Amino acid sequence: MDINENLDSPLIIKVSFNKLLNQYQNLIEADNDFIATNASRVLKIAEDNPILREGFSDLKLLDTYEKEIEGILQDAFSPILTKNEIKTASVPFQDVTFNESARFKSLLKTAGDDFELQIKNMPKDQRYIIACTIILNFCYGYNLNFKRPFFYEIPDANGITRYYKILYNADFTEIIPRSNAPKITKEDYDQLLDNFENIDLWKEKFPPHSYDFKGFVISNIFDVTDDQSISNIKSSLIGEDKRKDESFMEGFYDIFRSLFGFKNLEVGFSIYNEEESTFERVYGVGMNSFLLNEKESITCGDALCEWSYNRLLKENKYFSVSDVDRLYEKSEGHAPHIKVLHDQGFKSAIFAPIANDDGLMGVIEIVSKEPQVLNSINANKLVDVMPFIISAVERSKNEEENLIEAIIQKECTSIHPSVHWRFEKEARNYIKAQMSGKEPSFSKIAFEKIYPLYGQIDIKGSSQARNWATQQDLTLQLSTIKSVLESASKVEELPIYEQYIYQINDFLKGLEINFQVDSEQQISSFIKDEIEPVLKHLYTSDDLKSEIDDYFNRIDDIVDVLYHHRKHYDDTIALINKEMASLLDQKQEEAQLMYPHYFERFKTDGVEHNMYIGESITKEDSFNPIYLYNLRLWQLQVMVEMENSYYQMQSEFPVALDVASMILVFNQPLSISFRMDEKQFDVDGTYNARYEIVKKRVDKAYIKGTTERVTQKGKISIVYSQKEDEREYLRYVKFLQSKKYLDDDVEIVELQDLQAVTGLKAIRVSVLYHKDKDDKAFYTYDDLMKEIKA
């Protein structure tokens, strides 16, 4: 087999001993007779076998001239050291070896017949370019430092991967340009320096087979398993999302197996919770804790005996258990960490604290099902590893704290993506100031000249519905108590029962005639403080037990009152808010794609939303009023769709409630700033504050000269103050009428003056509804109600 066959390389390789033989030629005249005689011996072998000087590429000749090659290389490969040194002659960057030392041959034999020796850390797609860099050094004097550590990975008798570093001696090699080799200029060299990955360029400057390589290299090989294992541990701990990687823990096991030198080994972790003084499980794919076994957490005192507790938590030092079974018998199963190891079938273990200057963070648990293979002696191997594990755990804890903070920020004090860039910019400035030794401060975050949009879908008559539900529940609860007390009077005639019945009748009458705001509180206090103690007393009577049980079965365990109609009401409000908010959020995603803008919504008795649009939010010179007009039209259309969606699902709610929708138009740009104390945006300036006042009060406003509220079920109300806003929105209404979203009954009404706000008007128009999504017919609110009830 020719070594150059199918070899993509600028080199034509020949194994040759010419350069080595030339050195022996110089030793012929040495003063030392032994050296001269030995040189003559080597040169005689070469003279009898000229091909060894001329060179060859047929690998079969390595076997043919095996003894002759061994004779030539005898000085470089001492027979005295052959069982100790790991050494071989080879061709650079090829998986070809010859004249191997006895120890190297032994390693390959132990690895097995199916083991294929390969150089690691040398990508095959880079071998061509690496050969070119060697040519630049040999032929042109450009010393490019491309030295990388090359390795062999060879399994031992136990199947554990051991790592061997290769150091090349290239003193006996020569490279000679062929006739087809272009001469490399300084300009070529400068170009190549910035184009390492441009294989086409390298092949242009160094065509395939354009240089002759003659010689061989000596590979000096060293066992660096411990160093490489430590490096692999370091590398694996640097990786992101380790807990989600299914192969991480198995790979981590393999690294530790290489470090300790045997296969029957597993690694576990437990986290120390200082606040609760517990060990807790680390969540992640394939991650175990052998100290916890199946438990999620355990107090430190229950996990360890007194000595091991002090060793880990107070001294922050490791300890080993070389023979679990012996200590289990000695402790009679009372040492908790010994018992948990014994129960899982482990025979030896090492527990090492993961601790920094602040104290214990966790425990690494190394266990084996073989006795004595883990002990206090090889536990010292962890000394070089622990700093990397400690660093990884510190980083992991910081990442987890940041993740927790991020989740809190997202779920509780979320910042809308449209303005996140501004907060990020200010945070960077804060960090820069802090790193520069200055007093950092979080500057005011404000957006100027932006246009507001506000809308709400409000539940009509929610207060009355709540009061009615409360009246019904209290009436039912009082009536049930009254019935128990009437039964009690028959069992035991006491005037106090009559007094309680009188008081209950008084409450029932008040609920029917004049329900007050504090009625609920008064009745609840009466039941809690006066009636429940009486019921507990009456429960001793067998005649009343069933009736009293029936009463308490009706009482809700959480709110501790009869919670039937109110629950229906609360569930309805929650469902309305959930469905409307979900629909609005879904529609918002589409709107953001049209043009980015700030958006926030609130759940009350219905759903409110704020939007702000303008150039200062997008931080780009791209804003045009067309985007404002588009967002206003989008808002009006979505409000109509939300009305339709609500009435299509109204029958699914426990209580049938109505909704009314309103949009507030404010045609002047304003400024908003983020209030750090309240974690929300507010408008700036006295004039702009007028907008907030109108927002809070307008839905309760009356049409001037009447007692009719501006918001009505079945209609959408658009409140404004400027004539140009009226013209704009009438165009939108006309457009939506053409799409059968709105009816033709447009009315323009004046609103009664609000505190500090005058001159408001409203466009009101009826919404056209569909009974369901597939319904092609259009209905006004009244027609829809008739259809639903028909």
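Here the structure is a predicted model, which is why all the values come from computation and not from measurement.

Quick notes on the rules
- Residues numbered from 1 in each chain as written.
- Predicted model: local features only at pLDDT ≥ 70, side-chain atom pairs only at ≥ 80, totals over all residues.
- Heavy atoms only, no water.
- Helix = DSSP H or I, 4+ residues; strand = E, 2+ residues; numbered from the N terminus.
- Rg over C-alpha atoms; globule rule 2.2 N^0.38 Å.
- Lys, Arg positive; Asp, Glu negative; His and termini not counted.
- Charge placed at Lys NZ, Arg CZ, Asp CG, Glu CD.
- Core = buried A, V, L, I, M, F, W, Y, C linked by side-chain atoms within 4.5 Å.
- Buried < 20%, exposed > 50% of the residue type's maximum accessible area, 1.4 Å probe, protein only.
- Contact = heavy atoms within 4.5 Å.
- Axes fitted to C-alpha atoms, helices over the stretch in contact; angles between N-to-C directions.
- Left-handed = near helix turned anticlockwise from the far one by under 90°.
- Nonpolar A, V, L, I, M, F, W, Y, C, P; charged D, E, K, R; others polar.
- Patch = residues over 30% accessible without salt bridge, like charges linked within 9 Å, V, L, I, M, F, W, Y side chains within 5 Å.
- Areas by Shrake-Rupley, 256 points an atom, 1.4 Å probe, with all protein chains shown as cover.
- Salt bridge = Lys/Arg side-chain N within 4 Å of Asp/Glu carboxyl O.
- Pairing = 2+ DSSP bridges.
- Polar contact = N/O pair within 3.5 Å; in protein donor to acceptor, adjacent residues only side chain to side chain.

(A) Spotlight on the overall build of the protein chain. When helices and strands are counted, the protein chain shows 27 helices and 24 strands. Relative to the compact-globule value of 28 Å for 790 residues, the protein chain shows a C-alpha radius of gyration of 43 Å, a clear excess of over 25%. Taken over the C-alpha atoms alone, the protein chain extends approximately 130 × 80 × 60 Å along its principal axes. Distance from the positive charge centre (93 side chains) to the negative charge centre (133 side chains) of the protein chain: 4 Å.

(B) Molecular detail of the nonpolar core. Judged by nonpolar contacts, the single largest core of 51 residues is most densely connected at Phe256, Phe260, Phe279, Ile354, Ile364 and Ile366. Non-local contacts of Ile364, meaning those with residues more than four positions away in its chain, are made with Phe256, Val267, Gly268, Phe269, Ile350, Phe351, Ala352, Ile354, Met386 and Ile389. Ile459, Tyr646, Met649 and Ile716 belong to the second-largest nonpolar core, a separate cluster that totals 49 residues.

(C) Here's a closer look at the packing of helix H20 (residues 519–538) against helix H21 (residues 542–553). Put simply, H20 and H21 touch, their axes get as near as 10 Å, and they point 145 degrees apart. The handedness of the crossing between H20 and H21 is left-handed. Facing H20, whose interface residues are Ile527, Leu535 and Leu538, H21 presents Leu544, Ile548, Tyr551 and Phe552. Tallied by class, the residues present in the contact of H20 with H21 amount to seven nonpolar, no polar and no charged.

(D) Representation of a nonpolar patch on the surface in the model. Together, Tyr430, Ile431, Met435 and Phe442 make up a nonpolar patch on the protein surface, roughly 410 Å² of accessible area in all. Following the sequence through the fold, Met435 ends up in helix H17 (residues 417–435). Residue class for Met435 comes out exposed when judged on its relative accessible area of 71%.

(E) Geometry of the pattern of salt bridges. Counted by the stated rule, this structure contains 31 salt bridges. The salt bridge partner of Asp570 is Arg466, with a shortest N-O separation of 3.2 Å. On the criterion of sequence distance, the pair formed by Asp570 in helix H22 (residues 565–594) and Arg466 in helix H18 (residues 462–491) is long-range, its members being 104 residues apart. Residue classification places Arg466 among the partly exposed residues on the basis of a relative accessible area of 25%.

(F) Highlighting a negative patch on the surface. Together, Glu274, Glu275, Glu276, Asp357 and Asp358 line one region of the surface with negative charge. Along the polypeptide, Glu276 turns up in the loop between strand S10 (266–273) and strand S11 (278–281).

(G) Summary view of the sheet that holds S10. As summarised here, the arrangement of the six strands in space is S12-S11-S10-S15-S14-S13, forming an open sheet in which the pairing is antiparallel. The sheet is open, and its two borders are formed by strand S12 (297–299) and strand S13 (319–321), each paired with just one other strand. Averaged over all adjacent pairs, the angle separating strand axes in this sheet is 25 degrees, with direction ignored. Of the pairings in the sheet, the one linking S13 to strand S14 (residues 348–356) comprises three bridges and is antiparallel in character. For Ser320, the partnering residue across the bridge sits in S14 and is Ile350. Across the sheet, helix H13 (residues 306–314) lies against S10, S11, S13, S14 and strand S15 (359–368), angled at about 145 degrees from S13, the strand it touches most.

(H) Focus on helix H14 (residues 324–331). Its side-chain oxygen 3.3 Å from the backbone nitrogen of Asp325, Asp323 forms the N-cap of H14. Two residues or fewer past H14, Glu332 is found with a positive phi of approximately 55 degrees.

(I) Region of the structure containing the sheet that holds strand S6 (residues 161–169). With respect to topology, six strands assemble into an open sheet ordered S3-S2-S9-S6-S5-S4, the strand pairing being antiparallel. Edge strands, defined here as strands with exactly one partner in the open sheet, are strand S3 (97–98) and strand S4 (119–120).

(J) Quick look at the environment of Val96. Within the secondary structure layout, Val96 lies in the loop between strand S2 (86–90) and S3. When its relative accessible area of 15% is taken as the criterion, Val96 is described as buried. Separated by 461 residues in sequence, Val96 and Asp557 place their C-alpha atoms 80 Å apart. Residues in contact with Val96, not counting those within four places in the same chain, are Ile3, Leu59, Leu62, Ala89, Ser90 and Val91.

(K) Up close: unusual backbone geometry. For Asn6, which is not glycine, the phi dihedral falls at a positive 60 degrees. With respect to the element layout, Asn6 can be found in the segment before strand S1 (11–15). Here Asn6 falls in the exposed class, since its relative accessible area comes to 77%. Of note, the phi angle at Glu332 is positive, near 55 degrees, even though the residue is not glycine. With respect to the helices, strands and loops of the structure, Glu332 is situated in the loop between H14 and helix H15 (336–343). With a relative accessible area of 61%, Glu332 lands in the exposed category.

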